[in-house]
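Spelled out from the first residue to the last, the chains are:
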Amino acid sequence: MRHLYLHIPFCQRRCAYCDFNTYANMGDRIEAYVQALCTELGLLARQRAFASPLSAEAAALRPSIFFGGGTPTMLSLGQLERILAAAAALVPLAEAEITSEANPGTVLQPAYLRGLRALGFNRLSLGVQSLHDPTLRLLGRIHTAAEAHQSYVAAREAGFAHINLDFIFGLPGQDLAQWTATLATLVHWEVEHLSLYALTLEAPTPLAAQVHAGRIGVPDDDDAATLYEEAMARLADAGYVQYEISNWVRPAGREVLPGLPWQACHHNLAYWLNSDYMAAGAGAHGHRYPRRYANVLGVDAYIKAVGAGHLPTAEELPLTPFDLCAETMLMGMRLNVGVSAAHFAARCGLSLETTYGTALADLVGQGLVEWAGERVRLTPRGRMLGNRVFARFV
Ligand code: SF4
């Protein structure tokens, strides 16, 4: 197996917009959780190996390990080292892209950042979200904009050459001038990778409740679309490649394939190429065609399940050949390079033309997708109306 996701479900404080499987005030469970995670990785390593169809472009990716959450940087270096040692039975560490998500409020210490590098982490993804302190407070973030910048600089000084910054647009009170200033700052910082996501208001979160009660206003869909278009224009002007709907990278020569810079996140590329991946940790979702699985959600339930000596699987869903085809399109069309007919045939065992020829001809007629050689991809208009395109593949 080439790709592994590890879920670390602890945070210092819950952010007002967050509906991820994360928990605050559970620091006393971290050590037991780390032990359980190492045990689960051992159980996964003993599972029967299986062969999954892999296209040439999926095979070109680096193997990857992604520590997500939650806040993986709440773990000590020693705990992360033990997890990596257990993960080594599944993914070849020396060749792998090893990413940790990080909250800028938890990683300011240069010694900690140097320790991450020494352990083999070679990519850091900092959740900055905004450079506007009142907005950061409203979101419940535990850092200021200045602290986020300090973390970014400290990570660079610690030797991280691959840093991603996460931002949200369409935030309360955010107007075009504020967003344009943020983008200019990011270009000035020479960040090599940016993930920019539209705010989504998930029903059970405090922020959604405040917005729905009319106490907080957010930009409407048209204004959010204007912010997205601004990001596309400003970052293109600054030399970034938008390689996926929400992801930009500064190209530096080498490419995964023509038009797809090597500096892209290889772990996420595995998702977008609809590759198989393992996942471990509470609530983690894995994909091993012809099945997808989800682990038990809660921290205590997870520790208990693993402690009983078996994989903590809560749910296992069979995937049909049709699911495989649909997901290969839904994920792959998010990429700027789109889906290659050769990749589709290698992954799905079917011809793209036979499977989706009618739908694609229709979408080309509407100006939403286009062919570039043997690849089919979204047009700029299709990128703004992605849901209309994706609906044709399910
Ligand atoms: S730091 Fe991230 S995972 Fe944790 S509560 Fe905030 S948004 Fe959620």
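Fair warning: this is a prediction, and the values are worked out from it, not measured in the lab.

What counts and how
Residues numbered from 1 in each chain as written. Predicted model: local features only at pLDDT ≥ 70, side-chain atom pairs only at ≥ 80, totals over all residues. Heavy atoms only, no water. Axes fitted to C-alpha atoms, helices over the stretch in contact; angles between N-to-C directions. Helix = DSSP H or I, 4+ residues; strand = E, 2+ residues; numbered from the N terminus. Parallel < 35°, antiparallel > 145°, perpendicular 65-115°, else oblique. Left-handed = near helix turned anticlockwise from the far one by under 90°. Contact = heavy atoms within 4.5 Å. Domains from an automatic or database assignment. Buried area = accessible area lost by both parts, 1.4 Å probe. Salt bridge = Lys/Arg side-chain N within 4 Å of Asp/Glu carboxyl O. Polar contact = N/O pair within 3.5 Å; in protein donor to acceptor, adjacent residues only side chain to side chain. Near = heavy atom within 4 Å. Nonpolar A, V, L, I, M, F, W, Y, C, P; charged D, E, K, R; others polar. Pairing = 2+ DSSP bridges.

Q: When you look at the packing of helix α1 (residues 30-45) against helix α11 (residues 299-307) in this model, what are you seeing that I'm missing?
A: A pair of packed helices is characterised by two quantities: the angle between their axes and the separation of those axes. Relative orientation of the contacting elements α1 and α11 amounts to 45 degrees, with a least axis distance of 9 Å. Judged by the angle between their axes, α1 and α11 are oblique. Here the hand of the crossing between α1 and α11 comes out left-handed. Between α1 and α11, the contacting residues are Ala32, Tyr33, Ala36, Leu37, Thr39 and Glu40 on the first element and Val299, Tyr302, Ile303 and Val306 on the second.

Q: Would you mind showing me how to read the domain arrangement of the chain here?
A: How big an interface is tends to be expressed through the accessible area that disappears when the partners come together. According to the domain assignment, the chain contains domain 1 (3-272) and domain 2 (321-393). Each of domain 1 and domain 2 has a C-alpha centre, and the two are 27 Å apart. Contact residues are listed per partner, giving 22 residues for domain 1 and 15 residues for domain 2. Between domain 1 and domain 2 lies a buried interface of about 1600 Å² when both sides are counted; carbon and sulfur atoms form 58% of it. As a salt-bridge pair, Arg375 and Glu57 come within 3.2 Å of each other at their nearest N and O atoms. For the interface between domain 1 and domain 2, the tally reads 8 residue pairs in polar contact (both at pLDDT 80 or more).

Q: Help me understand the site of the ligand in this model?
A: Surrounding the ligand, one finds Cys11, Arg13, Arg14, Cys15, Tyr17, Cys18, Phe20, Thr22, Gly69, Gly70, Asn103 and Arg141. In terms of residue class, the shell around the ligand is built from 5 nonpolar, 4 polar and 3 charged.

Q: I'm lost on the sheet that holds strand β5 (residues 163-169) in this one. Help?
A: Backbone-to-backbone hydrogen bonds join strands into a sheet, with any given pair of strands oriented parallel or antiparallel. Within the open sheet, the 9 strands sit side by side as β7-β8-β6-β5-β4-β3-β2-β1-β11. Their pairing is mixed. In this open sheet, the two strands that pair with only one neighbour each are β7 (241-244) and β11 (278-280). In this sheet, neighbouring strand axes are inclined to one another by 20 degrees on average, regardless of whether the strands run parallel or antiparallel. Bridge count for strand β6 (residues 193-198) against strand β8 (residues 247-249) is 3 bridges, and the pairing is antiparallel. Paired with His193 across the two strands is Val249, which belongs to β8.

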